[in-house]
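Understanding the architecture of this molecule
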Amino acid sequence: MVKAEIFAGILTLLLYTLGDLLVKRPSQKAGSVPVSLVVSASSASILIILSSFTGFWITGGALFFSSLTGILMGIGTLLVLKSLESEQVSDTMSMVAISYAIPVIFGSVALHEKVSYISWIGIVLIFAGSATIMFKEMNFNSALLPAIIGNIMWGFQFITFNYALKFSTNYLTVAATGSSVALLIVFLYAYLKSETAIDDQSKLEATLAGIALGLGLAGALYIILNHTMTLGLSIVAAEPVLVTLFGKIIYKDKINKLQAVGIAVAMAGILMLTSFPS
């Protein structure tokens, strides 16, 4: 993996982490539905603005797979934010490791991306560390079930995005299309539920979260476009580690000993991937 893809992986990791942290407070204050609507709208808006510099045209195949991705993205967003209403940000967003495991396996097995033995050790360490963060006192919390299902849908969204990029290399427009369809899904759900009210502070935080997540999505698609899904998204899979760390600092979330070990293991994995790229 060349330096550009390493940088893209780290930048995407930071943007996704920022978005996850920003969405915590408004989700608990205003509810998951109106926050999902604002996040989806701001995410789609920033991607549409960026894609205006590259042109909006994509092929029919790219449009189909981007739209399919948008459906997965929209439903996944609603489910994850539902868990975030009642659970710690570190617990809820640790589930995101699931969404990266799916495309990483797909990239290695289906796309036959070349990965060195040292890089595989780093990948295993990242996912092992992230997996330990998913548990709190080793007891499964049923309130996190929506987040698990949502992250599975997010995982498959990366695969459908991969197929969209086979038809068009205009990754910004592909991302904007998927985000716009996700916005439509969330809007229809919010309209049917009649849950659109949100206070100004929550709207601001959700808007900033959406912008960060939209830019993060652009970074993820850049990684996929350059055929580094396995390694690049493995770096991004350390997202639960950063969310847990900053969740402790910002929201005073609790971290047990197992989660602390997971953080150390995942950080070691990131160090290996970035120090010994394929």
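This text gives an overview of the structure that appears in the document. Owing to the predicted nature of the structure, the values given are computational and were not obtained by experimental measurement.

Overview of the overall build of the protein
Tallying secondary structure elements over the protein gives 12 helices and 0 strands in all. Taken against the 2.2 N^0.38 rule, which gives 19 Å for 278 residues, the C-alpha radius of gyration of the protein at 17 Å falls within 12% of a compact globule. Seen through its C-alpha atoms, the protein measures out along the principal axes to roughly 50 × 45 × 25 Å. Taking contacts inside the protein between residues at least 6 apart in sequence as the whole, the part at least 24 apart equals 92%. Summed over its atoms, the accessible surface of the protein is roughly 11900 Å², and 72% of this surface lies on carbon and sulfur atoms. A distance of 4 Å separates the average location of the 14 positive side-chain charges in the protein from that of its 13 negative side-chain charges.

Comments concerning the environment of serine 99
The residue serine 99 is located in helix H5 (residues 96-109) in this model. The exposure class of serine 99 is buried, given its relative accessible area of 1%. Placed 51 residues apart in sequence, serine 99 and glycine 150 show a C-alpha to C-alpha distance of 8.5 Å. With residues near it in sequence (within four places) discarded, serine 99 still touches Asn151, Trp154, Gly155 and Phe158. A distance of 2.6 Å separates the side chain of serine 99 from the backbone oxygen of valine 96, its partner in a polar contact.

Observations concerning a nonpolar patch on the surface
Where nonpolar side chains cluster on the molecular surface, the patch consists of Leu184, Phe187, Leu188, Tyr191 and Leu192 and spans about 580 Å² of accessible area. Among the secondary structure elements, leucine 192 is positioned in helix H8 (residues 171-193).

With respect to the pattern of salt bridges
All chains considered together, the criterion is met by 2 salt bridges. Between glutamate 205 and arginine 25 there is a salt bridge; the shortest N-O distance is 3.4 Å. Of this pair, glutamate 205 sits in helix H9 (residues 200-225) while arginine 25 is found in helix H1 (residues 3-30), placing the two residues 180 residues apart along the sequence. Judged by its relative accessible area of 44%, arginine 25 is partly exposed.

Here we look at the packing of H5 against helix H7 (residues 145-167)
Close contact between H5 and H7 brings their axes to 7 Å; oriented N to C, the two are set at 35°. Taken as a pair, H5 and H7 cross one another with a handedness that is right-handed. Two secondary-structure elements touch here, H5 through Val96, Ile98, Ser99, Tyr100, Ile102, Pro103 and Phe106 and H7 through Ile148, Asn151, Ile152, Trp154, Gly155, Phe156, Phe158, Ile159, Asn162 and Tyr163. Considering only residue class, the contact of H5 with H7 consists of 13 nonpolar, 4 polar and no charged.

Some details on the packing of aromatic side chains
Throughout the structure, instances matching the rule amount to 8 aromatic pairs. Pairing phenylalanine 64 with phenylalanine 65 gives two aromatic rings, centres 5.1 Å apart and planes at 80°, and the pair type is edge-to-face. When the centroid spacing of 6.1 Å and the interplanar angle of 65° are considered together, the rings of phenylalanine 106 and tyrosine 163 count as edge-to-face. Taken together, the positions of phenylalanine 106 in helix H5 and tyrosine 163 in helix H7 put the pair 57 residues apart, joining distant regions of the chain. Here a set of aromatic residues connected by ring pairs shows up, and it is made of Phe64, Phe65, Phe106, Tyr163 and Phe167.

Observations regarding the side chain of threonine 244
Tracing the backbone shows threonine 244 in helix H11 (residues 239-251). Looking at threonine 244, its side chain comes within polar contact range of the main-chain oxygen of proline 240, at 2.7 Å.

Observations concerning the nonpolar core
Membership of the largest hydrophobic core comes to 55 residues, with the highest contact counts inside it found for Tyr16, Tyr100, Leu217 and Leu233. Per-element tally for this core: the top contributor is H9, with 9 residues. Apart from residues lying up to four places away in sequence, tyrosine 16 is in contact with Tyr100, Phe158, Leu213, Gly216, Leu217, Ala220, Val236 and Glu239.

Comments concerning the environment of serine 179
Here serine 179 shows up in helix H8. Judged by relative accessible area, which is 2%, serine 179 ranks as buried. For the pair formed by serine 179 and leucine 63, sequence separation is 116 residues and the distance between their alpha carbons is 12 Å. Sequence-distant contacts of serine 179, that is, excluding residues within four places in its chain, are made with Ser43, Ala44, Leu47, Met73 and Leu217.

A word on the side chain of threonine 12
In this structure, threonine 12 sits in helix H1. What makes threonine 12 buried here is its relative accessible area of 1%. In terms of polar contacts, threonine 12 uses its side chain to reach the backbone carbonyl oxygen of alanine 8, at 2.7 Å. The residues contacting threonine 12, other than those within four sequence positions of it, are Gly216, Gly219, Ala220, Ile223 and Val236.

About the thresholds
- Residues numbered from 1 in each chain as written.
- Predicted model: local features only at pLDDT ≥ 70, side-chain atom pairs only at ≥ 80, totals over all residues.
- Heavy atoms only, no water.
- Helix = DSSP H or I, 4+ residues; strand = E, 2+ residues; numbered from the N terminus.
- Rg over C-alpha atoms; globule rule 2.2 N^0.38 Å.
- Contact = heavy atoms within 4.5 Å.
- Areas by Shrake-Rupley, 256 points an atom, 1.4 Å probe, with all protein chains shown as cover.
- Lys, Arg positive; Asp, Glu negative; His and termini not counted.
- Charge placed at Lys NZ, Arg CZ, Asp CG, Glu CD.
- Buried < 20%, exposed > 50% of the residue type's maximum accessible area, 1.4 Å probe, protein only.
- Polar contact = N/O pair within 3.5 Å; in protein donor to acceptor, adjacent residues only side chain to side chain.
- Patch = residues over 30% accessible without salt bridge, like charges linked within 9 Å, V, L, I, M, F, W, Y side chains within 5 Å.
- Salt bridge = Lys/Arg side-chain N within 4 Å of Asp/Glu carboxyl O.
- Axes fitted to C-alpha atoms, helices over the stretch in contact; angles between N-to-C directions.
- Left-handed = near helix turned anticlockwise from the far one by under 90°.
- Nonpolar A, V, L, I, M, F, W, Y, C, P; charged D, E, K, R; others polar.
- Phe/Tyr/Trp six-rings, centres within 6.5 Å; stacked < 30°, edge-to-face > 60°.
- Core = buried A, V, L, I, M, F, W, Y, C linked by side-chain atoms within 4.5 Å.

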